[in-house]
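Chain residues, written in single-letter form:
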Amino acid sequence: EAAVTQSPRNKVTVTGGNVTLSCRQTNSHNYMYWYRQDTGHGLRLIHYSYGAGNLQIGDVPDGYKATRTTQEDFFLLLELASPSQTSLYFCASSDARESSYEQYFGPGTRLTVL
Amino acid sequence: SQWGEENLQALSIQEGEDVTMNCSYKTYTTVVHWYRQDSGRGPALIILIRSNEREKRSGRLRATLDTSSQSSSLSITAAQCEDTAVYFCATDAMYGGSGNKLIFGTGTLLSVKP
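A. How the structure looks around the interface of chain B and chain A. Contacts between chain B and chain A engage 26 residues on the former and 23 residues on the latter. Here chain B packs against chain A, burying approximately 1900 Å² in sum over the two surfaces, 51% of which is carbon and sulfur. Where chain B touches chain A, the interface holds 3 residue pairs in polar contact (both at pLDDT 80 or more). Sorting the residues of the side of chain B that touches chain A by element identifies β3 (31–37) and β4 (44–50) of chain B as the ones contributing at least two each. By residue number, the principal contributor to the side of chain B that touches chain A is β3(B), which donates 4 residues. Of the residues assigned to the side of chain B that touches chain A, the class counts are 10 nonpolar, 11 polar and 5 charged.

As structure tokens, then:
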């Protein structure tokens, strides 16, 4: 079964702070994704990657950077956090070889920017 | 139904009742996913239906797809309290059928009361 882990699970920072959210998947999936989830908006794609060193822009990328250092690890960076980035963040992975395109999600990181 | 900028839908039913949730999409899609999200957890795929299928069943779940009206539905038969969750549809509609990127609906919060 796919395993996606995220850390930290909860994070509080102040406006202008620097935050890094981490994601690791242990199933050798090539695709990894970062989403944010806000009430009324569902899941919105921030950035995604199809392999180490690759980065693709999602639908709501402003204020976020991301880096895929290995097949397993995908990081989301907020270099100047703002209150509008208070949200629940999910990482997911998928295998391009699977025709179902199923995405496997981590447990989420709740970020609060004061 | 759920899509785009619509607010999170909420349904409340009694245990044992049947329930149907709807989803519409805007352009061609190769597959419609239905995910379930339990409180405090990430979404998980529960059923998917491909563009060449009209109906798919899995236990008490039934998904339908009408490509002419660009809509899908998820039905749960004889709902149980443990079916209480948020249900999302997702398609690759906005990305030309690429499959590896999904766009999620805003979700339906289903509450099943004993």
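B. Spotlight on the pattern of salt bridges. Taken as a whole, this structure holds 9 salt bridges over all chains when the rule is applied. Of the charged contacts, one joins Arg44(A) and Asp38(A) as a salt bridge, the two residues approaching to 2.9 Å between their closest N and O atoms. The class for Arg44(A) is partly exposed, based on a relative accessible area of 25%. Measuring nitrogen to oxygen at the nearest pair gives 3.9 Å for the salt bridge that ties Asp83(B) to Arg36(B). With Asp83(B) in the loop between β7 (71–76) and β8 (85–91) and Arg36(B) in strand β3, this pair connects stretches of sequence that are 47 residues apart. Per residue, the accessibility class of Asp83(B) equals that of Arg36(B), and both read buried. Each of Arg36(B), Asp38(B), Arg60(B) and Asp83(B) takes part in a single network of salt bridges with overlapping partners.

C. Fine view of the state of the cysteines. With the rule as written, the count across this model stands at 2 disulfides over all chains. For Cys23(A), the disulfide goes to Cys91(A), at an S-S distance of 1.9 Å. Across the S-S bond of Cys23(A) and Cys91(A) the torsion is about -75°, and the bridge reads as left-handed. One end of the pair, Cys23(A), is in strand β3 (residues 19–25); the other, Cys91(A), is in strand β9 (residues 87–94), with 68 residues separating them in the sequence. Cys91(A) gets classed as buried once you look at its relative accessible area, which sits at 0%. A sulfur-sulfur distance of 2.0 Å marks the disulfide that ties Cys23(B) to Cys89(B). Residues Cys23(B) and Cys89(B) share a disulfide whose torsion about the S-S bond is about 75°; that sign makes it right-handed. One end of the pair, Cys23(B), is in strand β2 (residues 19–24); the other, Cys89(B), is in strand β8, and 66 residues separate them in sequence. Here Cys23(B) falls in the buried class, since its relative accessible area comes to 2%.

D. Summary view of the pairing of β3(A). All names here are of chain A. Among the 7 residues that make up β3, 5 are buried, leaving the element largely enclosed by the rest of the structure. Inspection of the sheet shows strand β1 (residues 4–7) paired to β3 by 4 bridges, in the antiparallel sense. Residue pairing in the sheet places Ser-7 in a bridge with Ser-22 of β3. As paired strands, β3 and strand β8 (residues 73–78) are joined by 6 bridges and run antiparallel to one another. By the bridge assignment, Ser-22 is partnered in β8 with Phe-75.

E. Representation of the environment of Ala81(A) in the model. Residues and elements named next belong to chain A. Tracing the backbone through its elements, the reader meets Ala-81 in the loop between β8 and β9. With 65 residues separating them along the chain, Ala-81 and Gly-16 place their C-alpha atoms 4.8 Å apart. With residues up to four places along the chain from it excluded, the contact list for Ala-81 reads Thr-13, Val-14, Thr-15, Gly-16, Gly-17 and Val-113.

Analysis parameters
Residues numbered from 1 in each chain as written. Chains lettered and ligands numbered in written order. Predicted model: local features only at pLDDT ≥ 70, side-chain atom pairs only at ≥ 80, totals over all residues. Heavy atoms only, no water. Contact = heavy atoms within 4.5 Å. Buried area = accessible area lost by both parts, 1.4 Å probe. Polar contact = N/O pair within 3.5 Å; in protein donor to acceptor, adjacent residues only side chain to side chain. Helix = DSSP H or I, 4+ residues; strand = E, 2+ residues; numbered from the N terminus. Nonpolar A, V, L, I, M, F, W, Y, C, P; charged D, E, K, R; others polar. Salt bridge = Lys/Arg side-chain N within 4 Å of Asp/Glu carboxyl O. Buried < 20%, exposed > 50% of the residue type's maximum accessible area, 1.4 Å probe, protein only. Disulfide = S-S within 2.5 Å. Pairing = 2+ DSSP bridges.

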